[in-house]
Amino acid sequence: MNNQKINVKKLIWQLVLLTLLIASVFGCGQTVAEAPKNINVGVVVYDQNDTFLSEMLAKFKDDLKAKTPEGVTFTCTVRDAANAQQTEDNAVSELLDGGCNVLCINLVDRTAPSDIIQLAKEANVPVIFFNREPVEEDLMRWDRLYYIGADAKQSGVYQGELAAEFCAAHEGVDRNRDGKIQYVVLEGQPGHQDAILRTDNAVNTMLDQGVSLDKLGYRIANWNRAQATNQVSQLIDQFGSAIELILANNDEMALGAIAAYDQKNITATDYPVFFGIDGTTPGLEAVVNGSMAGTVYNDQKGQADAMAALTIRLALGQDLSDFGLINGKYIYKDYYKITRQNVKNFTS
Ligand code: BGC
Ligand code: CA
């Protein structure tokens, strides 16, 4: 009997203490500051040696640091898929096991995002794809999938306009004076949304602007400078000084083409004119020193900035309604034409 009384008293005291404890924690109905959150981003890139992407990711990390709110910690792990989709899928799996709460994925094969989508969905971790665009059907498979990139067609049209304007202003481009421009195109990886669309739109825009073209060849150099040097060397062996214009799907391949001419000690007056796309640091330098006639800015700054802002909002569970997402999923940054006249606006 006595023992029972003591137990009841003890229980009442315990309840009182518990009530006091709860009241102190929740400040009697006031909201208390939430515990600091952590932004843990996992990034996988198709090839870490890609110039455009390494420049973009350096900006992304800076932006992430600058935009992370006070009291929030962030970590960013970047993994290299080394051009193998399976390696990329494995990296995603490890990043998810490591507790990342947002994934930024630059696909190796843009038609093969299924495993990554499945893994992310199971872990309920949102995915921002960037630069290599999955088909719409894949992006619609879950409401936490996004894409940040640019409109490939626009870059092709701009490159074609730059080249047409240059030919109109410099009669000497037509070195053999046959009224046609003998040209070559260097293409990025087959299957990449930026390869075919850039080529087709650049060439068609030149034709629309009244330039007569004579195609000497197309070569695939997979966005890569060394491969472009190799391909263009072979073209020089085949065509000698007949090539008057080289359109490259990106700056790296344009620079590789220029290197092929330099290596063969071709007389300056026998060089074709070169156009790239990207406006990477070495690409802009080539425009400044005049070895490349022009390029098209692939807004790495804008894309990095948007990706950092979206990453933070997703990690902190913030509202996206004012973020300007097209169809709730897409951000496309505009391209800009760059010539020697305005290149200074892009070099700082
Ligand atoms: C860029 C290339 C880059 C490629 C990688 C393109 O948008 O213009 O320079 O190599 O993306 O996916
Ligand atoms: Ca000609």
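Heads up: the structure comes first, above all this text.
Residue indices follow the written sequence of each chain, beginning from 1 at its first position. To read the labels, note that chains go from A and ligands from 1, taken in the order they are written. Totals for whole chains, interfaces and linings use every residue, but because this is a predicted model, local features are given only for residues with pLDDT of at least 70 and side-chain atom pairs only at 80 or more, for both listing and counting. Only hydrogens and water are set aside when side-chain values are computed; all heavy atoms of the structure are taken into account.

Draft legend 1. Broad picture of the overall build of the chain. Across its full length, the chain holds 12 helices and 12 strands. Across the chain, every contact between residues at least 6 apart in sequence was considered, and the portion connecting residues at least 24 apart equals 73%. As displayed, the chain has an accessible area near 17,000 Å², and 50% of this comes from carbon and sulfur atoms. Numbering of helices and strands runs from the N terminus; a helix is a DSSP stretch of H or I covering at least four residues, while a strand is a stretch of E covering at least two. Contacts were defined at the residue level, with two residues in contact if any of their heavy atoms lie within 4.5 Å. Each accessible area value is a Shrake-Rupley result obtained with a 1.4 Å probe; residue values ignore everything except the protein chains displayed when judging cover.

Draft legend 2. Examining the packing of helix 9 (residues 251-263) against helix 10 (residues 281-288) more closely. Think of each axis as a best-fit line through the C-alpha atoms, taken over the contacting stretch in the case of a helix, with angles from 0 to 180 degrees between the N-to-C directions. In contact at an axis separation of 9 Å, helix 9 and helix 10 are set at 50° when each is read in the N-to-C sense. Between helix 9 and helix 10, the angle falls in the class oblique. Relative to helix 10, helix 9 is oriented so that their crossing is left-handed. Contacts between helix 9 and helix 10 involve Asp251, Glu252 and Leu255 from the former and Pro282, Gly283 and Ala286 from the latter. Classifying every residue of the contact of helix 9 with helix 10 by side-chain character gives 3 nonpolar, 1 polar and 2 charged. For classification purposes, angles smaller than 35 degrees are called roughly parallel, those larger than 145 roughly antiparallel, those between 65 and 115 roughly perpendicular, and all remaining angles oblique. Rotating anticlockwise by less than a right angle from the far helix to the near helix defines a left-handed crossing, while the corresponding clockwise rotation defines a right-handed one. Each residue gets one of three labels, nonpolar for Ala, Val, Leu, Ile, Met, Phe, Trp, Tyr, Cys and Pro, charged for Asp, Glu, Lys and Arg, and polar for the others, Gly among them.

Draft legend 3. Up close: the coordination of the calcium ion (ligand 2). The rule for donors is simple: an N, O or S atom within 2.8 Å of the metal counts, and for Na, K and Ca the reach is 3.2 Å. Water is not among the atoms, so a site may look short of donors. For the calcium ion (ligand 2), the full set of protein donor atoms is Asp174 (OD), Asn176 (OD1), Asp178 (OD), Lys180 (O), Gln182 (OE1), Glu244 (OE) and Glu244 (OE), and the range of their distances to it is 2.3 to 2.5 Å. All donors of the calcium ion (ligand 2) come from a single chain, and their spacing in sequence reads D-x1-N-x1-D-x1-K-x1-Q-x61-E. Burial status follows relative accessibility: with a 1.4 Å probe on protein chains alone, a residue under 20% of its type maximum counts as buried, one over 50% as exposed, and anything between as partly exposed. Take Asp174: its relative accessible area is 12%, and that puts it in the buried class.

Draft legend 4. Spotlight on empty space enclosed by the protein. Residues are said to line a cavity or pocket when one of their atoms sits within 4 Å of a point; the points come from a 1 Å grid over protein atoms alone, cavities being sets where a 1.4 Å probe fits but cannot get out and pockets being open sets with protein on both sides within 12 Å along at least five of seven lines. Grid points are joined across faces, edges and corners, and a volume is the space filled by probe spheres set on the points. Scanning the entire structure with this criterion turns up 2 cavities of 30 Å³ or more. Of the pockets and cavities examined, the largest cavity occupies roughly 120 Å³. Lining the largest cavity are 13 residues, with Asp50, Phe52, Asn131, His192 and Trp223 sitting closest to its centre. Where the lining of the largest cavity is concerned, the elements lending two or more residues are helix 2 (51-67) and helix 7 (193-208). Partitioning the lining of the largest cavity into residue classes produces 4 nonpolar, 4 polar and 5 charged. By volume, the second largest cavity amounts to about 40 Å³. Lining the second largest cavity are Phe52, Asn131, Tyr147, Gly149, Ala150, Gln193, Asp194, Asn298, Gln303 and Tyr335. Of all elements in the fold, only strand 5 (145-150) and helix 7 reach the threshold of two or more residues within the lining of the second largest cavity. The element best represented in the lining of the second largest cavity is strand 5, accounting for 3 residues. Among the residues forming the lining of the second largest cavity, the class breakdown is 4 nonpolar, 5 polar and 1 charged.

Draft legend 5. Representation of the site of ligand 1. If you check the shell around ligand 1, you find 13 residues, and the closest are Asp50, Asn131, Arg132, Asp194 and Asp278. When ligand 1 is considered free in solution it has 320 Å² of accessible area, and contact with the protein chains removes 99% of it. At the level of elements, helix 2 and helix 7 are the ones that each hand at least two residues to the shell around ligand 1. The residue inventory of the shell around ligand 1, partitioned by class, reads 4 nonpolar, 4 polar and 5 charged. Near is defined per residue: the residue qualifies when any heavy atom it owns lies within 4 Å of the molecule or strand.

Draft legend 6. Expanded view of the packing of aromatic side chains. Put simply, two rings from Phe, Tyr or Trp (the six-membered ring, in Trp's case) pair if the centres are within 6.5 Å, and we call them stacked under 30 degrees between planes, edge-to-face over 60, tilted for the rest. A complete count under the given rule lists 9 aromatic pairs for this structure. Residues Tyr147 and Tyr330 carry aromatic rings whose centres are separated by 6.4 Å and whose planes lie at 65° to one another, so their mutual orientation is edge-to-face. Of this pair, Tyr147 sits in strand 5 while Tyr330 sits in strand 11 (residues 330-333), and the two are 183 residues apart along the sequence. Tyr330 shares its class with Tyr147; the two are buried. Among the aromatic side chains, those forming a connected cluster through ring pairs are Tyr147, Tyr330 and Tyr332.

Draft legend 7. Region of the structure containing helix 3 (residues 85-97). Here the expected length of a helix is defined as 1.5 Å per residue gap, with one fewer gap than residues. Given a rise of 1.5 Å per residue, 13 residues ought to cover 18 Å, and the 19 Å separating the end C-alpha atoms of helix 3 matches this to within 8%. Taken residue by residue, helix 3 has Gln85, Glu88, Asp89, Ala91, Val92, Leu95 and Leu96 as its buried positions. Looking straight down helix 3, one finds that the buried residues subtend no more than 160° of arc, so they occupy a single side. Of the exposed residues in helix 3, the ones pointing more than 90 degrees away from its buried face are Gln86 and Asp97. Of the surrounding secondary structure, the elements contacted by the buried residues of helix 3 are strand 1 (38-45), strand 2 (73-80), strand 3 (102-105) and helix 4 (114-123). Among the residues trailing helix 3, Gly99 stands out with phi positive, at a value near 90°. This arc is taken over the directions from the axis of the helix to the C-beta atoms.

Draft legend 8. Main features of the sheet that holds strand 2. Two strands pair under a simple rule: DSSP has to find at least two bridges between them. The 6 strands are arranged 2-1-3-4-5-11 in an open sheet whose pairing can be described as parallel. For this open sheet the edge positions go to strand 2 and strand 11, each flanked by a neighbour on one side alone. Averaged over neighbouring strand pairs, the angle between their axes works out to 15° when direction is ignored. Bridge count between strand 3 and strand 4 (residues 127-130): 3 bridges; the pairing is parallel. Looking across to strand 4, one finds that Ile105 is bridged to Phe129. This element, helix 3, spans strand 1, strand 2 and strand 3 of the sheet and lies at about 170° to strand 1.

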